[in-house]
Every structure is written in C-alpha cells, then in structure tokens.
Amino acid sequence: MRVRPLAIAGAWEITPVLHGDSRGLFTEAFKADLLSEMIGHRFDLAQVNLSVSAAGVLRGIHFADVPPGQAKYVTCPSGAILDVIVDIRVGSPTFGQYDTVLLDDVDRRAVYLSEGLGHGFCALADGSTVTYLCSTGYDPSAEHGINPLDPALGIDWPTTARDGTPLTYSLSDKDTAAPSLADAAASGLLPDHDDVAAYLRSLAGTP
C-alpha cells in the first residue's frame, strides 16, 4: 500500500496494490498495522456503515463531537465518488480548507480521516457504494453537519458524472438544513484544534 498525507493534517489517501489476472482481482483493502503506524495509535473498529447513492447525491459535511469523535476509513467498492475532507477544527492553520480524493472501483483507493474532521462526498455514478469503517458507533446526540454547498467552504463539487452526463445535486433534508461553517462556529458546534490534538495524544499515550 502507498500512503499519501492530504493537505488537511490528520487525513491520508491509501492506495492498495492490485493483483489481477484473467480470473479477476485481489487486493488488501485494509491493514490494521499499517494504519496504526500511520496515525500513531490503534484504530478500534466499532461500526461499519454502508451507503448506496445515485449519481449527483451529496452526503455531508458530517462530523462528531470530540471526544470521542469518529475517525473513518472510507472506500468505494462499486461506482465512484469524489470524497471531501474539510478542516473544521477552530484554530487550525487550515481551518475551513478542504482536500479531495477520487474513490472508485478502478484504483480502489481509501481515505482515512481522524477525529475532528468533516467528511462528505458526491456520487459520480448510480449505485455508488461507500463503506465506512468507524472508530465509534453512531450517537445522534453528538453528530452534526455543515451544508456542503456553503459558499464559504467553496467546495468545487463535480458537475459531470463518470459517464460524462451532467450532475443534478440531491441532498437529504437534514444536510440541506445544516448550518454554514460560520454559523456552526458561532454556535459552538465545531471542535477546537487544540482539544482535538490533546485527545489524539491521549489515544497515542503521549503527554
């Protein structure tokens, strides 16, 4: 596997080695030892989520209270998505910035994002299937969102599907009603950069 840090600290792109022949393909989609070395602590798998989306579906930008937060290891075993990681940690040098990775059933990359980061994606093909390995279980009282179309975020969402057809965005009612980044910050919803860093150090067992 090849690992590439993203522009947002605490997020990485993981590219597996694909072994294919006339029978099909095999790859190592997840390696706990590699991930632990990468993030500096053990990744405790608490829940696996799966979503299936039509082309143009936007999901996110989602995040959880820290602690404990929710780290995610995201793959797209079928179809294609543009995966987006947003730095929502108040006080971070890259606060409000984002990075993207194409996840699909060709290169079979994965994305890891640590606790305290925002996550979303746009489906680029009908039936795009996304799996999320999560460090904590779902807690509706601690889960929040930011509107993915917030102009202040300025996310350059794709306008065409994988087959070249124009995309029409589709959001859930919850994501449509989600606050802007500024409103979320003003209401105290967003995690603090220093608090997140201290929590991650505690996971690693360092002062």
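Residues numbered from 1 in each chain as written. Predicted model: local features only at pLDDT ≥ 70, side-chain atom pairs only at ≥ 80, totals over all residues. Heavy atoms only, no water.

**Q** How should the pattern of salt bridges be read in this particular structure?
**A** Opposite charge on two side chains permits them to pair, given that their charged atoms come into close proximity. Applying the stated criterion across every chain, the model contains 8 salt bridges. Ionic pairing is found between D44 and R42, a salt bridge with its closest N-O pair at 2.9 Å. Judged by its relative accessible area of 41%, D44 is partly exposed. Overall, the relative accessible area of 65% leaves R42 in the exposed class. When the shortest N-O distance is used, the salt bridge between R162 and D105 registers 2.9 Å. Here the residue R162 occupies a position in the loop between strand 13 (143-145) and helix 2 (173-176), and D105 occupies one in the loop between strand 9 (98-104) and strand 10 (110-113), the gap between them amounting to 57 residues. The network of salt bridges with common partners includes R4, E13, D107 and R109. (Salt bridge = Lys/Arg side-chain N within 4 Å of Asp/Glu carboxyl O. Buried < 20%, exposed > 50% of the residue type's maximum accessible area, 1.4 Å probe, protein only. Helix = DSSP H or I, 4+ residues; strand = E, 2+ residues; numbered from the N terminus.)

**Q** How do you make sense of unusual backbone geometry when you look at a structure like this?
**A** For residues besides glycine, phi is generally negative; the peptide bonds are generally trans as well. Residue I61 is bonded to the preceding G60 through a cis peptide linkage, with omega at 5°. Here I61 lies in strand 6 (residues 58-64). The step from P67 to P68 runs through a cis peptide bond, and the omega angle for that step is -5°. Following the sequence through the fold, P68 ends up in the loop between strand 6 and strand 7 (72-78).

**Q** Is there a simple way to think about the packing of aromatic side chains in this case?
**A** Each aromatic ring pair is characterised by the separation of its centres together with the angle its planes make. Following the criterion strictly, the structure yields 4 aromatic pairs and no others. When the centroid spacing of 5.0 Å and the interplanar angle of 90° are considered together, the rings of F30 and Y73 count as edge-to-face. One end of the pair, F30, is in the loop between strand 4 (24-27) and helix 1 (32-39); the other, Y73, is in strand 7, with 43 residues separating them in the sequence. Between F43 and Y112 the ring centres are 6.0 Å apart and the planes differ by 80°, which places this aromatic pair in the edge-to-face class. Residue F43 is located in the loop between helix 1 and strand 5 (47-53), and its partner Y112 is located in strand 10; the two are separated by 69 residues in the primary sequence. Following the ring pairs from residue to residue traces out a cluster consisting of W12, F30, F43, Y73 and Y112. (Phe/Tyr/Trp six-rings, centres within 6.5 Å; stacked < 30°, edge-to-face > 60°.)

**Q** Before we go on, may I ask you to explain the sheet that holds strand 5 in this structure?
**A** Hydrogen bonds between backbone groups are what pair the strands of a sheet, and the pairing can be parallel or antiparallel. The sheet built from 6 strands is open, its strands ordered 1-2-10-7-12-5 with antiparallel pairing. Two strands lie at the open edges of the sheet, namely strand 1 (2-5) and strand 5, each paired on one side alone. Sheet twist, expressed as the average angle between the axes of neighbouring strands with direction ignored, equals 20°. With 4 bridges joining them, strand 7 and strand 10 adopt antiparallel strand pairing. Opposite V74, over in strand 10, you have V111 as the bridge partner. (Pairing = 2+ DSSP bridges. Axes fitted to C-alpha atoms, helices over the stretch in contact; angles between N-to-C directions.)

**Q** Looking at this structure, I do not really get the UniProt feature "active site" (unreviewed entry) in the protein. What am I missing?
**A** The residues that UniProt annotates with the feature "active site" (unreviewed entry) are H62 and Y132. In summary, the annotated positions, though distributed over 71 residues, converge in three dimensions, the widest C-alpha pair being only 12.7 Å. You can see H62 is positioned in strand 6. In contact with H62, not counting residues within four places along its chain, are K72, L117, G118, H119, H144, G145 and D175. A polar contact of 3.4 Å, which involves the side chain of H62, links it to the backbone nitrogen of G60. In this fold, Y132 is placed in strand 12 (residues 128-134). (UniProt positions renumbered as here; feature names shortened; annotations may be inferred. Contact = heavy atoms within 4.5 Å. Polar contact = N/O pair within 3.5 Å; in protein donor to acceptor, adjacent residues only side chain to side chain.)

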